[in-house]
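# Examination of the molecular architecture
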Amino acid sequence: MKTPNGYEVIQLFEQFAPKHLAMEDDKIGLQIGTLNKPIRRIMITLDVLEHVVDEAIEQNIDLIIAHHPPIFRPLKHIVTDQPYGRMIEKCIKHNIAIYAAHTNLDIAKGGVNDWLAEALQLQNVDVLVPTYEEPLKKLVVYVPRTHADAVRKAIGDAGAGHIGNYSHCTFNSEGIGTFRPEEGANPFIGQQGTLETVEEVRIETVVPARLQRKVVQAMLQAHPYEEVAYDIYPLENKGTTYGLGRIGTLSEEMTLQQFAEHVKLALRVPAVRVVGELTSRVRKVAVIGGDGNKYIHQAKMSGADVYVTGDLYYHVAHDALMLGLNVVDPGHHVEKVMKEGVANVLKTMFTQQKFDVDIYVSQAHTEPFTFI
Ligand SMILES: [Zn+2]
């Protein structure tokens, strides 16, 4: 077991919620403090408020991972006799770093919106608003027949050849390779100055762009040649689709009223606001954590019977009525599911890496509303 530094922790976390998934102009990443220090204790929180920082100080926290970025609009000043400035001052004085994972955590596979869809017990879950399609590459490599199995296994294990629910997909054709080792070469087969012919296999497979380096390294390691002949082509087809919100179906149809009760229980909120006829039947559900006002048309277009999102505006509620789209608004605070969600992801990653880090889930109350 080792104590990692902040960079190691964040590098690992960003494999789960990469920054490039975030919406444009979102304020994510390290916001306060430094990652250049050992991390022994991390706190996960939805919001960063002054009493949340007090909790972190009490808990001896080195790093706070927050969903809502504490610095969102440009700062005009840091005045330390006002709550906001005091909050920043406390972080700096107590050497607490704050890292924000916002829309990248919403969009990530297995992130906030998947946790919400899971809590609502949705099935056949898909992305609601696509924001990013992963670029793909084609890798072609020529391997002597004796080593074709080893190379296929190495690139497949590194993540190449993933198509739908199939892994290690390749296409193989046999042919003759020729080469003449020049002076200074240290050939696996043949001798300097003599033209060689070898039975080779052309292995081709698809590689997500983000795994290209890892796959090529694995391929080079498994390949016997000193100089490996391989090509990488960009592809027009796209890989995994990422996006905001999720859409899925309930295991059985229910009335809007029953569904509203289900949302209250599933997302642990004392009340919800409902738009639509309470007796209407719902089965297909769209969900976006936080403020999903902008996406009511996508929710309608996707065929949802009901849309679950927070911070619903009065006029957007009117638009939904006119569209014939039911809405259930459980409030923005339901994104609190991210606390346990991120804690679980990090626990698994730290165990694998043998990182000795405590993970503490903030207990501070940050729901600004009281339901009476
Ligand atoms: Zn939010």
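Cut-offs used in this document
- Residues numbered from 1 in each chain as written.
- Predicted model: local features only at pLDDT ≥ 70, side-chain atom pairs only at ≥ 80, totals over all residues.
- Heavy atoms only, no water.
- Core = buried A, V, L, I, M, F, W, Y, C linked by side-chain atoms within 4.5 Å.
- Buried < 20%, exposed > 50% of the residue type's maximum accessible area, 1.4 Å probe, protein only.
- Helix = DSSP H or I, 4+ residues; strand = E, 2+ residues; numbered from the N terminus.
- Domains from an automatic or database assignment.
- Contact = heavy atoms within 4.5 Å.
- UniProt positions renumbered as here; feature names shortened; annotations may be inferred.
- Polar contact = N/O pair within 3.5 Å; in protein donor to acceptor, adjacent residues only side chain to side chain.

With that out of the way, let us pick up the nonpolar core. Counting residues in hydrophobic clusters, the biggest one holds 73 residues, and the most contacted among them are F13, I42, L63, L105, F259 and Y307. The dominant element in this core, judged by the number of residues it contributes, is helix α11 (residues 337-353), at 8 residues. Two domains each donate at least three residues to this core, and these are domain 1 (6-105 + 336-361) and domain 2 (112-131 + 242-332). With sequence-adjacent residues up to four places away left out, F13 is seen in contact with I65, Y99, A101, L105, V342, L346 and M349. The next biggest cluster of nonpolar side chains, apart from the first, holds 20 residues, and it includes V141, A148, I203 and A218.

Next up on the list: the UniProt feature "binding site: a divalent metal cation" (unreviewed entry) in the protein chain. Taking the numbering used here, the UniProt-annotated feature "binding site: a divalent metal cation" (unreviewed entry) corresponds to H67, H68, D106, H332 and E335. In three dimensions, the annotated residues from a span of 269 residues occupy one location, with a maximal C-alpha spread of 13.0 Å. Along the polypeptide, H68 turns up in the loop between β3 (63-66) and α3 (83-93). Among the residues examined, H68 registers a relative accessible area of 17% and is labelled buried. Not counting residues up to four positions away in its chain, the partners in contact with H68 are L46, D47, V48, H102, H332 and E335. You can see D106 is positioned in helix α4 (residues 103-107). Not counting chain neighbours up to four residues away, the residues in contact with D106 comprise H67, V112, N113, G243, L244, R246 and E335. Of note is the side chain of D106, whose polar atom sits 3.2 Å from the side chain of H67.

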